[in-house]
Amino acid sequence: MTQPLAGIRVADFSHVMAGPYASHLLRLMGAEVIKIEPRGGDNFRNYGGDRRYDGMSPAFIAANAGKKSIALDLKNDEDKAIARAIVERCDVLLENFRPGVIDRLGLGYQDVTAFNPHIVFCSISGYGQVGPQRDWPAIDNIVQATSGMMMLSGDEQDPPIRIGFPIVDTLTGQTAALAILGALMRRAGGGAGSYIDVSMFDASLAFMTSALTPFLATGTPMARMGNTGYSGLPTASLFIARDGREVSLGVVQPNQFDALARHVGRLDWLDDPRFAKPDARRANFDAMKAELAAVMLTRDAADWERDLSAIGVPCGMVRRVDEAAALAGADALLPLTVPGLPGGGNIAIPNAGFRMTPDGPGTDVPPPRLDEHRAEILDWLGMREIA
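Let me sum up the structure you'll find in this document. Not measured: the values here are computed from a predicted model.

**Quick word on helix H1 (residues 18-28)**
With 11 of 11 residues buried, H1 is to be regarded as a mostly interior element. Listed in full, the buried residues belonging to H1 are Ala18, Gly19, Pro20, Tyr21, Ala22, Ser23, His24, Leu25, Leu26, Arg27 and Leu28. Just downstream of H1 lies glycine 30, where phi reads positive at about 110 degrees.

**A look at the packing of aromatic side chains**
Under the counting rule described, the total for this entry stands at 7 aromatic pairs. Between tyrosine 127 and phenylalanine 201, the ring centres sit 5.7 Å apart and the planes meet at 35 degrees, which makes this aromatic pair tilted. You can see tyrosine 127 sitting in the loop between strand E5 (120-125) and helix H6 (140-146) and its partner phenylalanine 201 sitting in helix H8 (residues 200-207), a full 74 residues away along the chain. An angle of 20 degrees between the planes, with centres 6.2 Å apart, marks the rings of phenylalanine 257 and tryptophan 269 as stacked. Of the two residues, phenylalanine 257 is situated in helix H10 (residues 254-263) and tryptophan 269 in helix H11 (residues 268-271); the sequence distance between them amounts to 12 residues. When sorted by exposure, phenylalanine 257 lands in the same class as tryptophan 269, which is buried. Cluster of aromatic residues (ring-pair linked, three or more members): Tyr109, Phe121 and Tyr195.

**A short note on the packing of H1 against helix H7 (residues 167-188)**
The angle between the axes and the distance between the axes are what describe a pair of packed helices. Packing of H1 against H7 leaves a shortest axis separation of 7 Å and a crossing angle of 50 degrees. Taken together, the axis directions place H1 and H7 in an arrangement best described as oblique. As H1 runs across H7, the sense of the crossing is right-handed. Counting all contacts with H1, which are made through Ala18, Tyr21, Ala22, Leu25 and Leu26, the residues of H7 involved are Asp169, Thr170, Thr172, Gly173, Gln174, Ala176, Ala177, Ile180 and Leu181. Considering only residue class, the contact of H1 with H7 consists of 9 nonpolar, 4 polar and 1 charged.

**As for the sheet that holds strand E7 (residues 238-240)**
Taking strand neighbours across the sheet as the criterion, the 3 strands line up as E7-E8-E9 in an open arrangement whose pairing is antiparallel. At either end of the open sheet lies a strand with only one pairing partner, and these are E7 and strand E9 (315-317). Each strand axis lies, on average, 30 degrees off the axis of its neighbour in the sheet, ignoring direction. Judged from the 3 bridges that link them, strand E8 (residues 246-249) and E9 form a sheet pairing that is antiparallel. Note on E9: the bridge partner recorded for leucine 249 is cysteine 315. Here helix H13 (residues 285-296) sits on the sheet and contacts E7 and E8; the angle it forms with E7, its principal contact strand, is near 45 degrees. Along the sheet face, helix H14 (residues 301-310) touches E8 and E9 and points at about 155 degrees away from the line of E9.

**Some remarks on the nonpolar core**
Judged by nonpolar contacts, the single largest core of 38 residues is most densely connected at Leu26, Cys122 and Ile180. Listed by contribution, the elements that provide at least two residues to this core are H1, helix H2 (58-61), strand E4 (92-95), E5, H7, strand E6 (194-199) and strand E10 (333-337). Among the elements that line this core, the one with the most residues is H1, at 6 residues. Other than its neighbours up to four places away in sequence, leucine 26 contacts Leu5, Val10, Ala31, Ala177, Ile180 and Leu181. Counting 25 residues, the second largest nonpolar core, distinct from the first, contains Phe13, Ile70, Cys90 and Leu378.

**Some remarks on the packing of H7 against H8**
At a minimum axis distance of 9 Å, the contact between H7 and H8 shows a crossing angle of 90 degrees. The angle between H7 and H8 falls in the class roughly perpendicular. Packed against H7, whose contacting residues are Val168, Asp169, Leu171, Thr172, Gln174 and Thr175, the element H8 presents Met200, Ala203, Ser204 and Phe207 at the interface. In the contact of H7 with H8, the residues fall into 5 nonpolar, 4 polar and 1 charged.

**Some words on the layout of surface pockets**
Empty space within the largest pocket amounts to approximately 1,100 Å³. If you trace the largest pocket, you find 46 residues lining it, with Met17, Phe44, Pro166, Asp169 and Thr170 closest to the centre. At the level of secondary structure, the elements contributing two or more residues to the lining of the largest pocket comprise H1, H2, E5, H6, H7, helix H15 (321-325) and strand E11 (346-350). Top contributing element to the lining of the largest pocket by residue count: H1, with 5 residues. In terms of residue class, the lining of the largest pocket is made up of 32 nonpolar, 9 polar and 5 charged. Reported here for the second largest pocket is a volume of approximately 360 Å³. Along its surface, the second largest pocket is lined by 18 residues, and Glu37, Pro38, Leu72, Leu74 and Phe97 are the ones closest to its centre.

**Concerning the side chain of serine 23**
Topologically, serine 23 is positioned in helix H1. Of note is the side chain of serine 23, whose polar atom sits 2.6 Å from the side chain of aspartate 12. Excluding anything up to four places from it in sequence, serine 23 contacts Asp12, Val33, Lys67 and Leu94.

So, how was this worked out
Residues numbered from 1 in each chain as written. Predicted model: local features only at pLDDT ≥ 70, side-chain atom pairs only at ≥ 80, totals over all residues. Heavy atoms only, no water. Buried < 20%, exposed > 50% of the residue type's maximum accessible area, 1.4 Å probe, protein only. Helix = DSSP H or I, 4+ residues; strand = E, 2+ residues; numbered from the N terminus. Phe/Tyr/Trp six-rings, centres within 6.5 Å; stacked < 30°, edge-to-face > 60°. Axes fitted to C-alpha atoms, helices over the stretch in contact; angles between N-to-C directions. Parallel < 35°, antiparallel > 145°, perpendicular 65-115°, else oblique. Left-handed = near helix turned anticlockwise from the far one by under 90°. Contact = heavy atoms within 4.5 Å. Nonpolar A, V, L, I, M, F, W, Y, C, P; charged D, E, K, R; others polar. Pairing = 2+ DSSP bridges. Core = buried A, V, L, I, M, F, W, Y, C linked by side-chain atoms within 4.5 Å. 1 Å grid on protein atoms, 1.4 Å probe; cavity = no way out; pocket = protein on both sides within 12 Å on 5 of 7 lines; lining within 4 Å. Points joined across faces, edges and corners; volume = space filled by probe spheres on them. Polar contact = N/O pair within 3.5 Å; in protein donor to acceptor, adjacent residues only side chain to side chain.

Structural data, given as structure tokens:
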């Protein structure tokens, strides 16, 4: 198997989530990732409250499978020489220090291009490398707040709502991986190396395009719609079924509304001037939703999901994460064995989120223990450990 990024080598100075997730995606596509950690290790190694997982926390496992680790003190001249030698032999350098830090360490873009002019150098930060917010510290929940993301969920009268997982970290990592792939393609076509500045804030705005662009086009901010979908239709919302479980409907197209009405025996909806057209359903939102809610109470959630999906009506039962994992298709989850973990170490992690034939994404190699590959890396560099 020759994966798409086989032969690409990444010097990964990043830590916690956004940067490591970017290099994680590159690793799943076949790149070799050398994780250059501080002597105490990436802080994510001990993330969470269960001390049994110290050194290999689930959060760390999620973004570091298959990488190689070497621990270096970049303020130490000998260790810095090792880091420089690694970078000299790599195609990509990835870092997410606060702006200016990597320059002070002597490994900034200008320093690196002097000895590796073809490097693809990617810096990830909260607000970018330039601008008035350059030095503001940022983590996921901060950028969820400052980007407006917290004011998109819930209803208008609700307080700000944090999305319940580090979405900014992961979307920023995905943005960085895409940018790196673009730069590598440019270089492969005869271009030079590149410098990439990825801002968590800017990446969030890009992912929020369906909410932000309507404001940029009309001057009116999009209203918060709770569990109603982007269409604003009452038939694209959350409903309670007979068994108390909730289902989400996405009836937004005329043919879907027609199929739903026929399936539930409500042909009158198709002739009722309050409901027959999408704009009429928006204008009579509460009435339409109340009638549909009464219908949804007549059957269990799993029955609605199965039968409506079968006739082309978007319908999904609300699941917990543990229930959702059972729906994962082939290759969506990667089995890993991580020695030393509680329970024997047989776990799974999500794959890259897509399938590709041949030689699609994936790895069966566990995340590295801190400094696990020091001897291997030093041997590759032709360097000996300094006593």
